[in-house]
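Overview (structure and organization)
Chain residues, written in single-letter form:
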Amino acid sequence: MESKKLEAFLMAVDMGSFTKAAEVLGYTQSGLTHMMNSLEKEIGYPVLERGRSGVSLTAEGRRIEPAVREFLQANTRLNQAIAQAGASKGEILRISAYASIAMHWLPAIIQQFRSECPNVDVDIRMADHVDGPYELLENGTMDAIFVSRQEEGSYDWIHLKDDTMYAVLPKYYPIGKRRSFPLSEFDGKEFIMPSQGFDKDILRIFNRLHVAPDIRPTAVDDQTVISMVAHGLGVSMMTELTLKGRADAVLIRPVTPAASRELGVAVRSMREASAALVRFIDCTQRVLRNMLEK
């Protein structure tokens, strides 16, 4: 049974006239009459009384009217859900991020963004190398990347935070009462380099100050690097965000002179960014502002 016939049926009942209902629906009166005759034939009995005073429901029509209204409301909700699902499927933001950013920032950002843009999906890919996200951005696989700023490549940059560098030391390290750790003190020491290519941010600092630790490259995650330091296998340097919630087993001190990596969002072009991406970046800035002010 066509929903259009049922909609016309209710319109005729509500208006009390085939003529008025036909005008509202854009039908001719004869066309609407033919449609109602066809509906009654499908149902198997009359549901409308036709008279000089207009159109009214038969006893059987009064019985089915509530169910007809309920059916049409459910049909409307279904059509809306189908439309929303189709819009969501066609609107996906592809984001790549360092593990530390994905862990500490993105959940709150995505939660807020979903409440503001429920029809846009966010597809997250964790970065396993500092260069990986930039390559994905350049070839168009990603719409935006949450990374530390690198000099190579052509992209638009949105600054989010300067992520402070900390020395990561065994608990028994003879730091005394010093509240900071001179970068020069890394010189010649066994240094456990965080893996996955994030050495670029650290080496940039060491090279600028001509500091040359005895670097021990690894192929393990950050938590394992921290555990290696805790067991006296060397020292390391990590950022505030990387160490968040993980530093109980080691001694950490900010380095001097102060050093950091610049974290932000890189996109190919803000001028060519979609409306959804612009809103996602705006949401990111607002959520982080509130997080960092606490």
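Attention in this report is confined to the structure presented alongside it. (Residues numbered from 1 in each chain as written. Predicted model: local features only at pLDDT ≥ 70, side-chain atom pairs only at ≥ 80, totals over all residues. Heavy atoms only, no water.)

Quick notes on the overall build of the chain
When its secondary structure is counted, the chain shows 11 helices and 12 strands. With the principal axes as the frame, the chain shows a C-alpha extent of 105 × 35 × 30 Å. The buried share of the chain, taken over its 294 residues, is 42%. Contacts in the chain between residues far apart in sequence, at least 24 positions, make up 73% of those at least 6 positions apart. For the chain, the exposed surface amounts to about 16,200 Å²; the carbon and sulfur share of it is 50%. In the chain, which carries 35 positive and 38 negative side-chain charges, the distance between the mean positions of the two groups comes to 5 Å. (Helix = DSSP H or I, 4+ residues; strand = E, 2+ residues; numbered from the N terminus. Buried < 20%, exposed > 50% of the residue type's maximum accessible area, 1.4 Å probe, protein only. Contact = heavy atoms within 4.5 Å. Areas by Shrake-Rupley, 256 points an atom, 1.4 Å probe, with all protein chains shown as cover. Lys, Arg positive; Asp, Glu negative; His and termini not counted. Charge placed at Lys NZ, Arg CZ, Asp CG, Glu CD.)

Things to note about the pairing of strand E3 (residues 92-97)
For E3 and strand E4 (residues 121-126), the ladder comprises 6 bridges, and the chain directions are parallel. Bridge assignment links Ile95 to a residue of E4, and that residue is Ile124. (Pairing = 2+ DSSP bridges.)

Description of helix H8 (residues 199-209)
Three or more residues of H8 are buried, namely Asp201, Ile202, Ile205 and Phe206. The arc that holds the buried residues of H8, viewed along the axis, is 130°, so those residues lie on one side. Of the residues in H8, the exposed ones pointing more than 90 degrees away from the buried face are Asn207 and Arg208. In this structure, the buried residues of H8 make contact with strand E5 (144-148), strand E6 (156-169), strand E8 (190-193), strand E10 (236-239) and strand E12 (260-267). Positive phi appears at His210, one or two residues downstream of H8, with a value of about 55°. (Arc of directions from axis to C-beta.)

Some details on the packing of helix H2 (residues 18-25) against helix H3 (residues 29-43)
Where H2 contacts H3, the two axes come as close as 9 Å, and the packing angle between them is 105°. One way to sum up the angle between H2 and H3 is to call them roughly perpendicular. Note on element contacts: H3 touches H2 through Gln29, Leu32, Thr33 and Met36, opposite Phe18, Thr19, Ala21 and Ala22. Classifying every residue of the contact of H2 with H3 by side-chain character gives 5 nonpolar, 3 polar and no charged. (Axes fitted to C-alpha atoms, helices over the stretch in contact; angles between N-to-C directions. Parallel < 35°, antiparallel > 145°, perpendicular 65-115°, else oblique. Nonpolar A, V, L, I, M, F, W, Y, C, P; charged D, E, K, R; others polar.)

Concerning the nonpolar core
Among the nonpolar cores identified, the biggest contains 42 residues, and Ile101 and Phe146 are the most heavily contacted of them. Contributions of two or more residues to this core are made by E3, helix H5 (99-104), helix H6 (106-116), helix H7 (132-138), E5, E6, E12 and helix H11 (275-293). For this core, the element with the most residues is H11, which contributes 7 residues. Setting aside anything within four residues of it in sequence, one finds Phe146 in contact with Ile95, Ser96, Ala97, Tyr98, Ile101, Leu106, Ile109, Leu160, Gly264, Val265, Phe280 and Thr284. In terms of nonpolar packing, the next biggest core, distinct from the first, is built from 20 residues, Ala8, Ala21, Leu48 and Val55 among them. (Core = buried A, V, L, I, M, F, W, Y, C linked by side-chain atoms within 4.5 Å.)

Focus: the packing of H6 against H11
Interhelical geometry of H6 versus H11 gives an angle of 130° and a closest axis separation of 9 Å. If you check the angle between H6 and H11, you find them oblique. In terms of crossing hand, the pair formed by H6 and H11 is right-handed. Only Ala276, Arg279, Phe280, Cys283, Thr284, Arg286, Val287, Leu288 and Met291 of H11 make contact with H6, whose side of the interface consists of Ala108, Ile109, Gln112, Phe113 and Glu116. A class-by-class count of the residues in the contact of H6 with H11 yields 9 nonpolar, 2 polar and 3 charged. (Left-handed = near helix turned anticlockwise from the far one by under 90°.)

Quick word on H11
Over its 19 residues, H11 runs 27 Å from end to end, which matches the ideal 27 Å to within 8%, given 1.5 Å per residue. Among the residues of H11, Ala276, Leu277, Phe280, Ile281, Cys283, Thr284, Val287 and Leu288 are the ones counted as buried. For H11, the buried positions fall inside an angular range of 160° around the axis, keeping them on one side. For H11, exposure combined with an orientation more than 90 degrees from the buried face picks out Ala275 and Glu293. The inward-facing, buried residues of H11 contact E3, H6, E4, E5, E6 and E12. (Expected span 1.5 Å × (residues − 1).)

A few points about the state of the cysteines
Per the stated rule, a full pass over the model turns up 0 disulfides. Counting only cysteine sulfurs, Cys283 is the nearest neighbor of Cys117, a cysteine outside any disulfide, at a range of 7.6 Å. Here Cys283 falls in the buried class, since its relative accessible area comes to 0%. (Disulfide = S-S within 2.5 Å.)

A look at unusual backbone geometry
Cis rather than trans, the peptide bond between Thr256 and Pro257 has omega equal to -5°. A positive phi angle, close to 55°, is found at His210, a residue other than glycine. The topology assignment puts His210 in the loop between H8 and strand E9 (214-217).

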